[in-house]
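# A closer look at the structure
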Amino acid sequence: MTLDGKRRELDKIASVAGFRPEDAYFIRGEFKIEIDTPEGKSTLYTDEGLNYCCDCASDLVAKARIHTVDAAGDDEKAREAVTEDFDDNHRVVFTQLHSEDGSMQCEECHKTLDYALNDIGFFAELDHYESLEFGEKLLPGDAYAIARLLDAVDQVQEDDQDQEDTNDDDEEDLVSELADLDMEDEYDRERAEEIEQELAVLRAAEPKVRNPTAEERVIAVAERALKLTREHSPAVPSL
Ligand SMILES: [Zn+2]
């Protein structure tokens, strides 16, 4: 199965189980309003770094609006002015979540929000799922999160790759320097001997155990998750 096939299967497991992430929204214009509730003092707070599902963002703005307008007193003109000012400065806005350090939840109700991972988020989630015991059954939220890892793997920058390239470059540089040396020249002959020794050391070195690439690691996680799901899917009764 291709990488994309795995992603689709995992997304399907999540959606068939009723797991659907919410679109993410933020509230433009901050507020911090102290309110009295039957349970005591409370604070209506938001800033533009916080994300919500649409319902929670709208509810929070509506509550803040009521309290702000009430604070203006009974004068109708004053109330109108405050209402207008509040509406001008606070708005529920759709968030494009395309570079996240991890999965995203609504600040109020904690529902999962639709998101895409950046490099930091990718490796944090990958480490998490590599060490996670899935238990009896794959949870739909985990299926969705692993599908997001598969989404991100193509864009991830790996440090390991740079290291391997550097070692190969060393050998290539030495070989090409050797080819350019003049064996009639005493200094070049000495340099050639040095290079031969350096190359011998490089080539004799134990081949490094290659670390699995990010893609191999994600595929291993996805296959473990999918295998679990297949094992626990209800078998077709044989007649
Ligand atoms: Zn919510």
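All figures in this text were calculated on a predicted structure; none of them were measured in a lab.

With that out of the way, let us pick up the overall build of the protein. The helix and strand tally for the protein stands at 8 helices and 6 strands. What you see in the protein, going N to C, is helices and strands ordered as α-β-β-β-α-α-β-β-β-α-α-α-α-α. Over its C-alpha atoms the protein spans a radius of gyration of 29 Å, topping by over 25% the 18 Å that the globule rule assigns to 239 residues. Seen through its C-alpha atoms, the protein measures out along the principal axes to roughly 100 × 70 × 30 Å. Counting over 239 residues, the protein shows a buried share of 20%. Long-range pairs, those at least 24 residues apart, make up 65% of the contacts in the protein between residues at least 6 apart in sequence.

Turning our attention to the nonpolar core. Formed by 22 residues in total, the largest nonpolar core has its most connected members in Leu-10, Ala-143, Ile-146, Leu-149 and Val-218. Looking at this core, the elements that each hand over two or more residues are helix H1 (3-16), helix H4 (119-131), helix H5 (140-152) and helix H8 (214-232). Broken down by element, the residue count for this core peaks at 8 residues, all from H5. Beyond its immediate stretch of four places on either side in the chain, Leu-149 contacts Phe-122, Glu-125, Leu-126, Tyr-129, Val-218 and Val-221.

Positive phi, normally seen in glycine, also occurs at His-110, with a value near 65°. The topology assignment puts His-110 in the loop between strand S5 (104-105) and strand S6 (112-113). Residue classification places His-110 among the exposed residues on the basis of 10 C-beta atoms within 10 Å.

Moving on to the environment of Ala-214. Inspection of the secondary structure puts Ala-214 in helix H8. For the pair Ala-214 and Leu-178, spaced 36 residues apart in the sequence, the C-alpha separation amounts to 36 Å. Ala-214 has contacts with Val-153, Val-156 and Glu-158, leaving out every residue within four places of it along the chain.

Let us now look at the pairing of strand S3 (residues 40-46). Pairing analysis gives 7 bridges linking strand S2 (residues 31-37) to S3, with the strands arranged antiparallel. By the bridge assignment for S3, Ile-35 is matched with Ser-42. Connecting S2 to the next strand, S3, in antiparallel fashion are 2 residues.

The next thing to look at is helix H3 (residues 76-89). Given a rise of 1.5 Å per residue, 14 residues ought to cover 20 Å, and the 20 Å separating the end C-alpha atoms of H3 matches this to within 8%. Little of H3 is tucked away: 0 of the 14 residues are buried.

Glancing now at the packing of H4 against H5. Packed helices, taken two at a time, are described by the angle their axes make and the gap between the axes. For the pair H4 and H5, the least separation of the axes is 10 Å and the interaxial angle reads 135°. The pairing of H4 with H5 is recorded here as oblique in orientation. As H4 packs across H5, the resulting crossing turns out to be left-handed. Facing H4, whose interface residues are Phe-122, Glu-125, Leu-126 and Tyr-129, H5 presents Ala-145, Ile-146, Leu-149 and Ala-152. Of the residues contributing to the contact of H4 with H5, the split by class is 7 nonpolar, no polar and 1 charged.

What counts as what
Residues numbered from 1 in each chain as written. Predicted model: local features only at pLDDT ≥ 70, side-chain atom pairs only at ≥ 80, totals over all residues. Helix = DSSP H or I, 4+ residues; strand = E, 2+ residues; numbered from the N terminus. Rg over C-alpha atoms; globule rule 2.2 N^0.38 Å. Buried ≥ 20, exposed ≤ 12 C-beta atoms within 10 Å, placed from the backbone. Contact = placed C-beta atoms within 7 Å. Core = buried A, V, L, I, M, F, W, Y, C linked by C-beta atoms within 7 Å. Pairing = 2+ DSSP bridges. Expected span 1.5 Å × (residues − 1). Axes fitted to C-alpha atoms, helices over the stretch in contact; angles between N-to-C directions. Parallel < 35°, antiparallel > 145°, perpendicular 65-115°, else oblique. Left-handed = near helix turned anticlockwise from the far one by under 90°. Nonpolar A, V, L, I, M, F, W, Y, C, P; charged D, E, K, R; others polar.

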